[in-house]
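Each chain, letter by letter, is given below.
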Amino acid sequence: LAGLRRQAAVAISQELSRLACRGAGPSAWISQVRRRSSLLSSRLEEKPFSEVEMSYIKQGEEALQKSLSILGDQEGWKTETAADNGDRVLSKVLPDVGKVFRLEVVVDQPLDAVYSELVDNMEQMGEWNPSVEEVKILQKIGKDTVITHEKAAAPPGNIVGPRDFVSVRCSRRRGSTCVLAGMATQHGAMPEQQGFVRAENGPTCMVLRPLAGDPSQTKLTWLLSIDLKGWLPKTIINQVLSQTQVDFANHLRQRLAQTA
């Protein structure tokens, strides 16, 4: 079937070329069909995903849809912290997820710069974010999905203890909006590590949009949901997570200012 489709695409392309030579130039509909036939040919050459890869892609999509659903519900959010510069952290408790945190900040850099730092330079996060010891990409699936292993840096006083995460992450760009979503998963290349508690995150996501009226700045919304595992008082967990988000925003600003 794929061979027949490929032959049909080639035949259509050849026929369109002949038609174009008869007149002054290709009409709009001829150009459109040619583009579609070329797209069909390129898609036929794409390597299909395995069942395991498809399961990761579906997990990423699930994380994205669930995260956006949580952010879309404006009811029940309570303020955890509010800074003078407008940064704020909100929280709410969900029956099937637990307590989630929502960071809302404005970053004085254009969206592409923020996106590049968070996605293209993901493995460099440990260089500028003290909360992260290391981020390593275990596997890339297509253009938008990756499996990562992240080691969290021990906080001052080591009140939480060493944690690590294995996550599936996906990125989507729709117009001027970017969404980076993720959730906990399992991967054969990274079983549980000695000396670390395997924590779980998700659904979690970051939404990036140009600031209304000033595209040189970016509005960043970060939904954080983490199960740190182990025996930890909720008061300590809540304090650590909300402060982690505030610190992240400040460190991200410093990083972008240095690389701008």
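Numbering of residues starts from 1 in each chain and follows the order in which that chain's sequence is written. In keeping with the predicted nature of the model, local features appear solely for residues at pLDDT of at least 70, side-chain atom pairs appear and are counted solely at 80 or more, and the whole-chain, interface and lining totals rest on all residues. Water and hydrogen atoms were dropped before computing side-chain values, which therefore reflect all heavy atoms in the structure.

Colleague: Would you mind going over the packing of helix H4 (residues 111-120) against helix H5 (residues 234-259) with me for this structure?
Modeller: At a minimum axis distance of 11 Å, the contact between H4 and H5 shows a crossing angle of 110 degrees. Between H4 and H5, the angle is such that the two are roughly perpendicular. For the pair H4 and H5, contact is made by Ala113, Val114, Glu117 and Leu118 and by Phe248, Leu252, Arg255, Leu256 and Thr259, respectively. For helices, the fitted line uses only the C-alpha atoms of the stretch in contact; every axis is such a line through C-alpha atoms, and the angle between N-to-C directions lies from 0 to 180 degrees. Think of it this way: any DSSP run of H or I at least four residues long counts as a helix, any run of E at least two long counts as a strand, and we number them from the N terminus. Angles below 35 degrees are treated as roughly parallel, those above 145 as roughly antiparallel, those between 65 and 115 as roughly perpendicular, and all remaining angles as oblique. Should any heavy atoms of two residues lie within 4.5 Å, those residues are counted as being in contact.

Colleague: Help me understand unusual backbone geometry, please; the structure alone is not making it clear to me.
Modeller: Excluding glycine, most residues fall at negative phi; most peptide bonds, likewise, are trans. Residue proline 203 follows glycine 202 across a cis peptide bond; omega there is 0 degrees. Turning to its location among the elements, proline 203 is positioned in the loop between strand E9 (200-201) and strand E10 (204-211).

Colleague: Sorry if this is basic, but what is going on with the pattern of salt bridges here?
Modeller: Two side chains that carry opposite charge are able to pair once their charged atoms sit near each other. Salt bridges are identified by distance alone: a Lys or Arg side-chain nitrogen within 4 Å of an Asp or Glu carboxyl oxygen. A full pass over the atoms with the stated rule returns 16 salt bridges. The closest approach of N and O atoms between arginine 172 and aspartate 144, which form a salt bridge, is 3.6 Å. Linking arginine 172 in strand E6 (residues 163-174) with aspartate 144 in the loop between strand E4 (132-141) and strand E5 (145-152), this pair joins segments that are 28 residues apart in sequence. Salt-bridge contacts for lysine 229 lead to glutamate 200; the nearest nitrogen and oxygen are separated by 3.9 Å. Note that lysine 229 is positioned in the loop between strand E12 (226-227) and H5 and glutamate 200 in strand E9, a separation of 29 residues in sequence. Among the residues examined, glutamate 200 registers a relative accessible area of 39% and is labelled partly exposed. One continuous salt-bridge network, built from bridges that share partners, spans Glu61, Asp144 and Arg172. Any residue under 20% of the maximum accessible area for its type is buried, any over 50% is exposed, and the rest in between are partly exposed; the area is computed with a 1.4 Å probe on protein chains only.

Colleague: Explain the side chain of arginine 102 to me, please; I cannot follow it from the model alone.
Modeller: Among the secondary structure elements, arginine 102 is positioned in strand E3 (residues 98-107). Using a relative accessible area of 8% as the deciding quantity, one classes arginine 102 as buried. Of the polar contacts made by the side chain of arginine 102, one reaches the backbone oxygen of leucine 71; its length is 3.4 Å. With residues up to four places along the chain from it excluded, the contact list for arginine 102 reads Leu71, Gln74, Trp77, Arg88, Val89, Leu90, Thr221, Trp222 and Gln245. N or O atoms within 3.5 Å of each other form a polar contact, as long as, within protein, one can give a hydrogen and the other can take it, and as long as residues adjacent in sequence are counted only when both atoms are side-chain atoms.

Colleague: Would you take a moment to explain the pairing of strand E1 (residues 78-82) for this structure?
Modeller: Consecutive side chains of a regular strand alternate in pointing toward one face of the sheet and then the other. Of all 5 residues in E1, 0 are buried, a share of ten percent or less. Summarising the sheet, E1 and strand E2 (residues 88-94) pair through 4 bridges and their orientation is antiparallel. Pairing of lysine 78 across the sheet is with serine 91, part of E2. In this scheme, strands are said to pair when DSSP sees at least two bridges between them. Counted along the chain from E1 to the antiparallel partner E2, the turn is 5 residues long, and its residue glycine 86 has a positive phi close to 100 degrees.

Colleague: Explain the nonpolar core to me, please; I cannot follow it from the model alone.
Modeller: Grouped burial of nonpolar side chains is what soluble globular proteins tend to show. The set of buried Ala, Val, Leu, Ile, Met, Phe, Trp, Tyr and Cys residues whose side-chain atoms join them within 4.5 Å is what this entry labels a nonpolar core. In this structure, Leu103, Val114, Leu118, Leu208, Leu220, Phe248 and Leu252 are the most contacted members of the largest nonpolar core, which totals 34 residues. Residue assignment for this core shows that the elements contributing at least two residues are E3, H4, E4, E5, strand E7 (177-184), E10, strand E11 (214-224) and H5. A per-element tally of this core places H5 first, with 6 residues. Apart from residues lying up to four places away in sequence, valine 114 is in contact with Val107, Gln109, Leu208, Thr218, Leu220, Leu252 and Leu256. Counting residues in hydrophobic clusters, the runner-up holds 22 residues, among them Leu90, Ile147, Ala181 and Cys205.

Colleague: How do you make sense of the pairing of E5 when you look at a structure like this?
Modeller: Burial analysis of E5 places 7 of its 8 residues in the buried class, the great majority of the element. Where E4 folds back onto E5 in an antiparallel hairpin, the turn is made up of 3 residues, including glycine 142, whose phi is positive at roughly 65 degrees. Of the pairings in the sheet, the one linking E5 to E6 comprises 7 bridges and is antiparallel in character. Considered in E6, the bridge of threonine 145 is made with cysteine 170.

On their own, these measurements won't tell you what the molecule is for.
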